[in-house]
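# Observations on chain architecture
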Amino acid sequence: MVIAAVAAVLVLMSLPWWLPARIVAVRAWLFARINGEEGIPVPGDLVGVERFREVYAHPAANGRSKGAALSDLFWYWLSPGPEMHQEHLEAGERYDAVAHVTRDLLVVPRAQAEQLARRCAGRALEDVRGLIRLRDLMMPLWAEFSYELVFGEPCPREARDLIAGNANDVVTSLKCTGLRHMRRRLRLTGYLLDRLHLVRRPLPAGLTPREQAYYLQGAFFNTAVVQMSEAMAHLLLVLAQHPDVQRRARTGDDRYLDQVIAETLRLYPLFGIAHRITTGDIRLDERTTIPAGSVLCFDYPEFHRAGFADPGRFDPGRFDPALGERPAKELNHIPFGVAANRPCPAWRLAPIAMRVVAREVLDRYVLDSSVTHTRSLPSRGPCLLTPRDAPHRPGPVLAWLRVRDRWEDVWRSLVQLVLGTYMVWHARRQRLCERHFLTEPEDRHVHPGPRHGS
Ligand code: HEM
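Residues numbered from 1 in each chain as written. Predicted model: local features only at pLDDT ≥ 70, side-chain atom pairs only at ≥ 80, totals over all residues.

If you check an unreviewed UniProt entry, the chain appears there as Cytochrome P450 from Nonomuraea rosea. The annotation that UniProt attaches to the chain under Cofactor (unreviewed entry) is "heme". (UniProt positions renumbered as here; feature names shortened; annotations may be inferred.)

See below:
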């Protein structure tokens, strides 16, 4: 009896060390069972690391949604209006019109972008101290930032809460730590519909007002807010866990901070996999062709590891021109995608804004954290912020945080298994993408993409 009780306690106590990893494996297996195994991993057996960029940039690697079972799942997570989300629009007139407006709204003089980021950070950091979750801290900040990019005026509190609520809902469901709340998301759509006439640049012509609202919601109040919040959570967590880097980043110049950002996005790229559906054959050599209709899965973390010495180690020095292993442009480093195939339109603005916000945080606080740092960061980045003029004694809090994080991991992985399985099943039933392409006129969506060299 006593032995059984001791054994039960030991198994219970050991859960955090083995259960989360097992559950992740079960989840991956279940997703593959429900969703079907599809996709050619790149890099992989067919396409090696050395041809990764070439295949990604191939003109036939330009289908975004049509023809991949995977798309039903993404459309489910990005609803409402996934058919108007820039990332998921097929090449053609609509895509061109939408991409043009995004570029237009993102062209902001550098000094103005820095000032905006600084102002938003100042508000978000008012009265903040102690134990926080970095992603939660960042969401309202980037909600205000995006609002002002789109509307050219300070963000009202009501809008900030709607935007942060929407973005948080999307990223929470994407990570399977919560279900979708469509009413919450549609409240933002309604708010945007009422304010389309206030957007500071003309919106894409030929779209209904609802489609215009969906477009704005998708690009600026979902992707922009989620990506910037996630990127900053990774950056601040890295600083919290590398005190030497933190000290140097606080006192050093912007070039060092840029290296820290580059290395953070190498180790924790925001995209795990970016997929493309081939709209034509891709000939690899005399004997091997990737046929039209294949789903190519470009694996960012894998690419970012290849060709680096000790790739799992965090080392901003890799991006120091004086110390680096190779010149930066030759490194396997594509945090914003590849230039020839729909890269991130914010590739210039995002690092500028991140640097300013990181400085604002470093000027005010010393950061510490003892949690596990993974690419998907479902914990939202717990971190201790100690004001710089307060005594810095993080020891006891870090010890408690380490234990709490391990146990949260056990519970969270179970939640992710259950909710993830439900959402994959639900998305397969809804078939949002498949049904869209069955009912919409063909020529509205699929045009041959621009011809760039292969
Ligand atoms: C650090 C922050 C960010 C990172 C690391 C990032 C990364 C990326 C990457 C890797 C892609 C290309 C994926 C692919 O090839 O399928 C992408 C696409 C995109 N990103 Fe970002 N992003 C960031 C911030 C933003 C922001 C602030 C916006 C604001 C509008 C944005 C809007 C988009 C859009 C609309 C696309 C789709 C582009 C297209 O298909 O034409 N991103 N992003």
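## Looking at the overall build of the chain
Of the regular secondary structure elements, the chain holds 15 helices and eight strands. The C-alpha radius of gyration of the chain comes to 23 Å, within 12% of the 22 Å expected for a compact globule of 454 residues. When the backbone C-alpha atoms are referred to their principal axes, the chain occupies close to 65 × 60 × 50 Å. Per-residue burial over the chain gives 40% buried out of 454 residues. A separation of at least 24 residues holds for 76% of the contacts in the chain among residues at least 6 apart in sequence. (Helix = DSSP H or I, 4+ residues; strand = E, 2+ residues; numbered from the N terminus. Rg over C-alpha atoms; globule rule 2.2 N^0.38 Å. Buried ≥ 20, exposed ≤ 12 C-beta atoms within 10 Å, placed from the backbone. Contact = placed C-beta atoms within 7 Å.)

## Focus: the pairing of strand β3 (residues 273-277)
Remember that side chains alternate between the two faces of the sheet whenever the strand is regular. Within β3, four of the five residues are buried, leaving the element largely enclosed by the surrounding structure. Across five bridges, the pairing between β3 and strand β6 (residues 295-299) is antiparallel. Residue pairing for β6: Arg276 is matched across the bridge by Leu296. (Pairing = 2+ DSSP bridges.)

## Focus: the packing of helix α8 (residues 182-194) against helix α9 (residues 209-241)
Taken N-terminus to C-terminus, the directions of α8 and α9 make an angle of 115°; their axes are 9 Å apart at the nearest point. Between α8 and α9 lies a crossing of right-handed hand. Together, Leu188, Thr189, Leu192 and Leu193 of α8 and Pro209, Arg210, Ala213, Tyr214, Leu216, Gln217 and Phe221 of α9 make up the contact between the two elements. Per-class residue counts for the contact of α8 with α9 are eight nonpolar, two polar and one charged. (Axes fitted to C-alpha atoms, helices over the stretch in contact; angles between N-to-C directions. Left-handed = near helix turned anticlockwise from the far one by under 90°. Nonpolar A, V, L, I, M, F, W, Y, C, P; charged D, E, K, R; others polar.)

## Details of the sheet that holds strand β1 (residues 40-42)
The strand order across the open sheet built from three strands is β1-β6-β3, with neighbouring strands paired in mixed fashion. Each edge of the sheet is formed by a strand with only one pairing partner; in this case those strands are β1 and β3. Here the average twist between neighbouring strands, direction ignored, is 25°.

## Observations regarding the site of the ligand
Taken together, the neighbourhood of the ligand is formed by 24 residues, with Ala224, Ala274, Gly337, Cys344 and Ala346 sitting nearest. Those elements that place two or more of their residues in the shell around the ligand are α4 (93-106) and α9. Looking at the shell around the ligand element by element, the count peaks at seven residues for α9. Across the shell around the ligand, the residue classes break down as 17 nonpolar, five polar and two charged. (Near = placed C-beta within 6 Å.)

## Focus on the confidence of the model for the chain
Per-residue pLDDT for the chain averages 92, and the proportion of residues at 70 or more is 94%. Confidence over residues 445-454 falls short of pLDDT 50; this stretch has 20 contacts with residues more than four positions distant or in other chains. (pLDDT = per-residue confidence, 0-100.)

## Looking at the nonpolar core
Ile163, Ala167, Val225, Met232, Leu236, Ala353 and Val357 are the most contacted members of the largest nonpolar core, which has 88 residues in total. Per-element tally for this core: the top contributor is α9, with 20 residues. Not counting residues up to four positions away in its chain, the partners in contact with Val225 are Met139, Trp142, Ala143, Ser146, Ile163 and Ala167. One finds Tyr56, Ala274, Ile282 and Tyr300 within the second-largest nonpolar core, a separate group that totals 15 residues. (Core = buried A, V, L, I, M, F, W, Y, C linked by C-beta atoms within 7 Å.)

## Quick notes on the environment of Asp45
By the element assignment, Asp45 lies in the loop between β1 and α2 (52-56). Along the primary structure Asp45 and Thr374 are separated by 329 residues, whereas in three dimensions their C-alpha atoms are 26 Å apart.

## Considering helix α7 (residues 157-174)
Counted at 1.5 Å a residue, the expected span for α7 with its 18 residues is 26 Å, and the 26 Å between its end C-alpha atoms agrees. Most of α7 sits out of view: 13 of its 18 residues are buried. Once α7 finishes, Cys176 follows within two positions and takes phi at roughly 60°, a positive value. (Expected span 1.5 Å × (residues − 1).)

## Examining unusual backbone geometry
Backbone torsion omega between Val42 and Pro43 reads 0°, so that peptide bond is classified as cis. With an omega dihedral of 0°, the bond running from Ser79 to Pro80 counts as a cis peptide bond. Examined against the element boundaries, Pro80 turns out to sit in the loop between α3 (69-78) and α4. Positive phi, normally seen in glycine, also occurs at Cys176, with a value near 60°. Position of Cys176 among the secondary structure elements: in the loop between α7 and α8. Its identity as a non-glycine residue notwithstanding, Arg342 has a phi of 50°, on the positive side. With respect to the helices and strands, the residue Arg342 is situated in the loop between α12 (300-305) and α13 (349-364).

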